[in-house]
Amino acid sequence: MPSSGIGTPYWYEWEVGLLEALKMMFDTSISSVVLQSEQFESLDDVVVNYVDNSMMNLQVKHTDVGENFTYSTLTSGDRPMVKKWAHEWNEKKANANIKEIKLITNKPWGSRASKNKCSFADFVQYVYPELKKNYNHSFSTPSHREAASWFKSQIDFLGKDAESFIKVLSFNHEKNIEGVEEQIKEFVEQ
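Here's what I pulled together on the structure shown here.

Quick notes on the rules
Residues numbered from 1 in each chain as written. Predicted model: local features only at pLDDT ≥ 70, side-chain atom pairs only at ≥ 80, totals over all residues. Heavy atoms only, no water. Helix = DSSP H or I, 4+ residues; strand = E, 2+ residues; numbered from the N terminus. Rg over C-alpha atoms; globule rule 2.2 N^0.38 Å. Buried < 20%, exposed > 50% of the residue type's maximum accessible area, 1.4 Å probe, protein only. Contact = heavy atoms within 4.5 Å. Polar contact = N/O pair within 3.5 Å; in protein donor to acceptor, adjacent residues only side chain to side chain. Salt bridge = Lys/Arg side-chain N within 4 Å of Asp/Glu carboxyl O. Pairing = 2+ DSSP bridges. Axes fitted to C-alpha atoms, helices over the stretch in contact; angles between N-to-C directions.

### Focus: the overall build of the chain
Moving on, step 1. A count of helices and strands for the chain gives seven helices and five strands.
Moving on, step 2. Ordering the α and β elements of the chain from the N terminus gives α-β-β-β-α-α-β-α-α-α-β-α.
Moving on, step 3. Here the chain has a C-alpha radius of gyration of 17 Å; the compact-globule value for 190 residues is 16 Å, and the two agree.
Moving on, step 4. Taking the principal axes of its C-alpha atoms as reference, the chain extends roughly 50 × 40 × 30 Å.
Moving on, step 5. Looking at the chain residue by residue over its 190 residues, the buried ones come to 46%.
Moving on, step 6. Look at the contacts in the chain between residues 6 or more apart in sequence, and 62% of them connect residues 24 or more apart.

In structure tokens, the structure reads:
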């Protein structure tokens, strides 16, 4: 497949969207796939709608400059992405059955500890799965405990709904766009 869009990471979501549209050919539970959904502001990259009226919102955060995905990636800027996603999920949850918010990135998970927190790679691999299972999990490792506390503080404005938000948010690593393109090719050849 040629370069995505005009060659910027922001266009990689098209390949992810195309892959989801191709899955629709084989998965009768999918009713539609929308790229840049007008129904959402920040959870809009790719929206997969299911026949049971639930949906999966995919947020594609690819790069072509070799950046890591770190804690600050989630929380930097005037409108940090995790807070935008949590706010929008909270606003829409009464009328939109969002069963998953899936972050997809080719950025490697950060491997360095940060301000008493374990590395972001450890957070994704060890801490976050435990929080999804049990929001009040008691971590024995101090750096894991600090990472869990940090993440909870980012979404504490949700109150009792913070636990529900954690259950729908997932972190997914795609090594590179070629991996998505290979999956597209496999679907087309079926």
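The rest of the description comes next.
### Some details on the side chain of Ser-54
Moving on, step 1. Along the chain, Ser-54 turns up in strand β3 (residues 54–60).
Moving on, step 2. A polar atom in the side chain of Ser-54 sits 2.5 Å from the side chain of Asp-52.
Moving on, step 3. Setting aside its immediate chain neighbours within four residues, Ser-54 contacts Val-48, Asn-49, Asn-97 and Lys-99.

### What to know about the pattern of salt bridges
Moving on, step 1. Taken as a whole, this structure holds five salt bridges when the rule is applied.
Moving on, step 2. Glu-20 is the partner of Lys-23 in a salt bridge, and the nearest nitrogen-oxygen pair spans 3.1 Å. In this pair, Lys-23 and Glu-20 are both assigned in helix α1 (residues 12–24), three residues apart and thus about one turn of the helix distant.
Moving on, step 3. Residue classification places Glu-20 among the buried residues on the basis of a relative accessible area of 6%.
Moving on, step 4. Note that Lys-93 and Asp-161 form a salt bridge whose closest N and O atoms lie 2.8 Å from each other. A residue pair is termed long-range when its members are at least 10 positions apart, and Lys-93 in the loop between α3 (81–92) and β4 (97–105) and Asp-161 in the loop between α5 (142–154) and α6 (162–168) qualify at 68 residues.
Moving on, step 5. Look at the salt bridges and you will find they share partners, linking Lys-93, Lys-160 and Asp-161 into a network.

### Here we look at the sheet that holds strand β2 (residues 46–50)
Moving on, step 1. The sheet built from five strands is open, its strands ordered β1-β2-β3-β4-β5 with mixed pairing. Strands at the two margins of the open sheet, each flanked by one partner only, are β1 (30–35) and β5 (169–173). For this sheet, the mean inter-axis angle between neighbouring strands, taken without regard to orientation, is 20 degrees.
Moving on, step 2. In the sheet, β4 pairs with β5 via five bridges, with the strands oriented parallel. Opposite Ile-101, over in β5, you have Leu-169 as the bridge partner.
Moving on, step 3. Where α1 meets the sheet, it contacts β1, β2, β3 and β4, and its direction lies at approximately 165 degrees from that of β1.

### Digging into the environment of Asp-44
Moving on, step 1. Here Asp-44 shows up in the loop between β1 and β2.
Moving on, step 2. Take Asp-44: its relative accessible area is 11%, and that puts it in the buried class.
Moving on, step 3. Leaving out residues up to four positions away in the same chain, Asp-44 has contacts with Leu-35, Gln-36, Ser-37 and Gln-59.

Purely spatial values, then, with no claim about function.
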